Structures are given as structure tokens and as C-alpha cells.
Amino acid sequence: MALFLFGAISVQAQDDHENMMKLLGIKSLRPGPSGDEKAPNHANYDTSLANPYPNLPDVLTLKSGKKVTTAAMWWDQRRPEIVEDFEREIYGRVPAHVPGVTWTTKISEREFLGFTPVIAKQLEGHVDNSSYPGIEVNIKMTLVLPANAKGPVPLLMLFGRSALPAPNQPPAEDMEKINAAIKQLLEKDHPELQAIFDKYPAYNPIAVQTPVFPPPRPVGDPPAAQQLIADGWGYILLDPNSIQADNGAGLTKGIIGLCNKGQFRKPDDWGALRAWAWGAARALDYLEANEPMVDSKHVGIEGVSRYGKAALVTLAFEPRFAMGLIGSSGEGGAKLNRRNWGEAVESLTGGEYYWMAGNFMKYGASDAVFGAKTAGDLPVDSHELIALCAPRLCFVSYGVPEQGDAKWLDHQGSYMATVAAGVVYKLVGMHDLGVSNDYHTERMPPVNTGLLDGQLAWRQHDGGHTDAPNIKYFIAWVDTNILWKH
């Protein structure tokens, strides 16, 4: 067994990785490239070597070889073929009978976000674990809606830590009662503290916060949440790690482990990206059933980096999401797998394999019962994942390497995928980027030049590994497309 595959991976994760290799008949995997450009095995950044498999699978050709010429052929024949390939080989299948989710409101209160009053709720979705009580899954999310909305509002669901924007604090008189009670309890258990409290009578264990004028806001755009609320949107913060851990050791826990009753995965079982997408769909279930002030027909999904990958997977597989902001997603997201630039298929087959279906590991195999496979053997590529989002709104966002959005992410390869996906948007009656669909020759537009006239959009901002500089463009772009304003 090639020990370099595992490095600091935990023993449990190593066991899962080894078990999958055994199931697939893989004897060894090619090592992934190093992100250190000075390392001998560094990733390729030579444009002459970037396209070893220059021709992508044709998104509009059936497996039979017949060309797809109508929207009906896309929906009835070609799209199901692509979905099947992605589920079997790339991201895995959601089990047929995933347990249900029961949502509970833990906190609901009026707060302010900036100067706008909001209703903020912390919610928890308990997954029924009666079939395997040894594993509990409690999905954590925060819902924030403008308090004075005149009607249902669009909403953006962001993958991230679930937290209230500005939790209310008790008034000063109540804080005095709380501090008095705390002092009394402390003196009872620790009598020696009474002398200290007598010496410092104004001291309180919990400081009473007095209102102060906020400091001037830093130069630049307000935070994404504030921009959304100011424009009349709502938002959700959905914690991916409460659905499925972001590591290999977690594959026998979380929603994947619960469905498998604590056992290892099968080769076409789902990975973490698909599990996070499943959790987002369950949050959307909650909105549809319980939140009349949310326009559930106009809910979007957002994420950056690994969560950008998850956001794209969510938008591709869950047709109820109306839009997506896909931030700096790289390999496993918008980046073409076939490109030899930066992060590679081998980076995931030997590293973050838990994001993907077990079958994906085959494409990093150097020695196996089936021989060797490479990215060129993949039946689908990321342009087809983006195409699955049509006709819904898909905004692909990147920053620049100079500010920390590393070359590793392959901005040009992601642009090529977006260009190639455009033929499907046009086939189903939408507008794409407004450039040719020749991914061989198209080059990215200048930084800060958005291609935002269609339902498929691209913008590379001049910031780092974030989509924050593109939030205002995304909001305006969606507003124009859905014309929702009351």
C-alpha cells in the first residue's frame, strides 16, 4: 500500500480509504501534485501542458452518438444520462430511503442587521435515527428575514457556521439581578470570595454592555448578509459539518454513516459534497412548509471553495433551487477535471476522496484490476455539471491569485467549463455568457469585467479566496432576472 496517500489522515479514515481501494481492486494511486511551486512534484502551470485531453465530452451528444437538437431531447434523454454518470462515478447516489428531518426552532427574536430590523431564528433539524440510534445528526441553521417585508422575499442559503447576526442582551436592570445571583452562588461555594466582592463592590462577573457609537465602517462593501437584507432578501446560514464531517473519518458518522448504519461506503455511495447538498434540500423543505414570508420559488445556494463545490452540486441536482453563487470552487466544482493545471483529480482520489463517490478513486489509479485510469477516462466533466443547472441562474465567481485565490484553482479551466455549458442554456431558451461556445479558444475577460447579461454568468473580481466582492453584482443580476420587487 502506498503510504504517502495518507499522511496525517486518521487511522479510521485510512481504514475507509483502504477499504474502498480493496472494493475497487486498486493496488496503488498516483500521488497528487504539490501546491508548493518549489517542490519537485509541483502542480503544472505551463500553458503548453495544460490540456492533455483537449476535447471534452460533448454535452449535446447522446451515448448512442445521436445529436441532441431539441430541449425535449435534453430533458428526456441526455440530461438523465449525464445525471447517471455523475451519480455513479463522481459524487455518488443519495440512498433511496434517507430518514426524515424534523425541524425545531431553538431561538426566535427580533434583531438589527446594520440599521434594518430583522427576524432571526436558530433552527435545528433532527434526522430520524430510530433505525440506528448510535448516530445522531442534527442540522444547524440560522434563518434571517427582514422584519418589515411587505410580501414573500427571495433568499440566499449560504454554507457556513450557523450564528445569529446580533443576539439580544438582557437590559441593565435584568443584568443586575443575574450578577447578584451569580455572586450569591459563588460566595456560597467559595466563602473566601466575599472579601474580594466587598473590596470591589462595583465589580460584576458579567459586564453590562453600554451602548456606544459604532466605529466607522471600513472602506469597501458591507458584509454579504447586510447587503442581502438591505436589498430586501432573506438569508440562511447552513452548517455543513452538522450534516456530514469534512473528513474521511466522518464517513461512518453523519448522514452518510447513519444511512449505512455505521459501516463503510459502497463504491457508488454519496460523498460529503452530495451529503451537504442533501442537507440544503432539507432546509428548503423547511422553508416551503413553514415560512410564508420566504418566496420559496426564488431560493438560491452559495458557497466558497469546498462549499463552492457543494453549492454547484446542490444547484445541479436539486431543481427547486432557483439560483447559485459558485465561489472559487476549483477541482470537484467548476474546474475541468481534464485540465492539467493546479489541483488535479489525483488531489482528490488520494486526499479529499471523502467529498466524492468511492468510484471516483478509479480515475487516480496507477495499478488496478482494471488497469490504470486518468481524468481522460471520466465519462463527464464539470461543463456538464454546470449544464445541469440550466435554465436556472448560475453565477460562477473567482478572485485573483495575487490576492490569494490561488492559481491552483484553475480560473481559465473553470471559465472554459462555463463557456462549454452555454450551449445547453441556449438550447433550453436561456442566454449564456454572450461569447462563443468554443472552449478551445475563449479566454477569460479582464478582471472586474462581468459577463452578466444571461442566465449563466461569470465574473472574476480583484480580491482573494472569497466571493464577497461579487455579492453586489450577484444581487443586482438576480433582481434583474426575477423582477421580484414589491
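First, a word on what this report is: a plain description of the structure on this page. For clarity, every value in this text was computed on a predicted model and none was experimentally measured.

Cut-offs used in this document
Residues numbered from 1 in each chain as written. Predicted model: local features only at pLDDT ≥ 70, side-chain atom pairs only at ≥ 80, totals over all residues. Heavy atoms only, no water. Helix = DSSP H or I, 4+ residues; strand = E, 2+ residues; numbered from the N terminus. Rg over C-alpha atoms; globule rule 2.2 N^0.38 Å. Buried < 20%, exposed > 50% of the residue type's maximum accessible area, 1.4 Å probe, protein only. Contact = heavy atoms within 4.5 Å. Areas by Shrake-Rupley, 256 points an atom, 1.4 Å probe, with all protein chains shown as cover. Lys, Arg positive; Asp, Glu negative; His and termini not counted. Charge placed at Lys NZ, Arg CZ, Asp CG, Glu CD. Pairing = 2+ DSSP bridges. Expected span 1.5 Å × (residues − 1). Core = buried A, V, L, I, M, F, W, Y, C linked by side-chain atoms within 4.5 Å.

Let us look at the overall build of the protein chain. When you go through the protein chain residue by residue, the secondary structure sums to twelve helices and eleven strands. Taking 2.2 N^0.38 as the reference for a compact globule, 486 residues should give roughly 23 Å; the C-alpha atoms of the protein chain span a radius of gyration of 25 Å, in line with that estimate. Considered along the principal axes of its C-alpha atoms, the protein chain spans approximately 85 × 55 × 50 Å. Expressed as a percentage of its 486 residues, the buried residues of the protein chain come to 53%. Contacts in the protein chain between residues far apart in sequence, at least 24 positions, make up 70% of those at least 6 positions apart. In the form shown here, the protein chain has an accessible surface area of approximately 21300 Å², with 55% of it arising from carbon and sulfur atoms. Between the mean site of the 44 positive side-chain charges and the mean site of the 55 negative ones, the protein chain shows a separation of 3 Å.

Okay, the pairing of strand β8 (residues 323-327) next. Judged by how many residues are buried, β8 sits mostly within the fold: five of five residues are covered. Taking every second residue as pointing to the same face, both faces of β8 are buried, with M323, L325 and G327 on one and G324 and I326 on the other. Pairing of strand β7 (residues 294-304) with β8 involves five bridges; the strand directions are parallel. Across the sheet, residue E302 finds its bridge partner in β8, namely L325.

Attention now goes to helix α8 (residues 306-317). Taking 1.5 Å as the rise per residue, α8 with twelve residues should run 16 Å; its terminal C-alpha atoms sit 17 Å apart, in good agreement. Counting buried positions over the twelve residues of α8 gives eleven, a clear majority of the element. Those residues of α8 lying buried are Y307, G308, K309, A310, A311, L312, V313, T314, L315, A316 and F317.

So, about the nonpolar core. Core analysis: the biggest nonpolar cluster contains 103 residues, and W74, M157, L238, I255, L287 and C394 have the highest contact counts within it. A per-element tally of this core places helix α7 (residues 272-290) first, with eleven residues. Each residue touching I255, except ones within four places of it in the same chain, is listed here: V98, V127, V137, I243, Q244, W270, A275 and W278. V118, L228, F395 and V478 belong to the second-largest nonpolar core, a separate cluster that totals 24 residues.

Strand β4 (residues 138-146) sits mainly inside the fold: eight of its nine residues count as buried. Summarising the sheet, strand β3 (residues 116-127) and β4 pair through nine bridges and their orientation is antiparallel. Bridging across to β4, V118 finds its partner in P146. Alignment of β4 against strand β6 (residues 234-238), held across four bridges, turns out to be antiparallel. The partner of M141 across the bridge, within β6, is L238.

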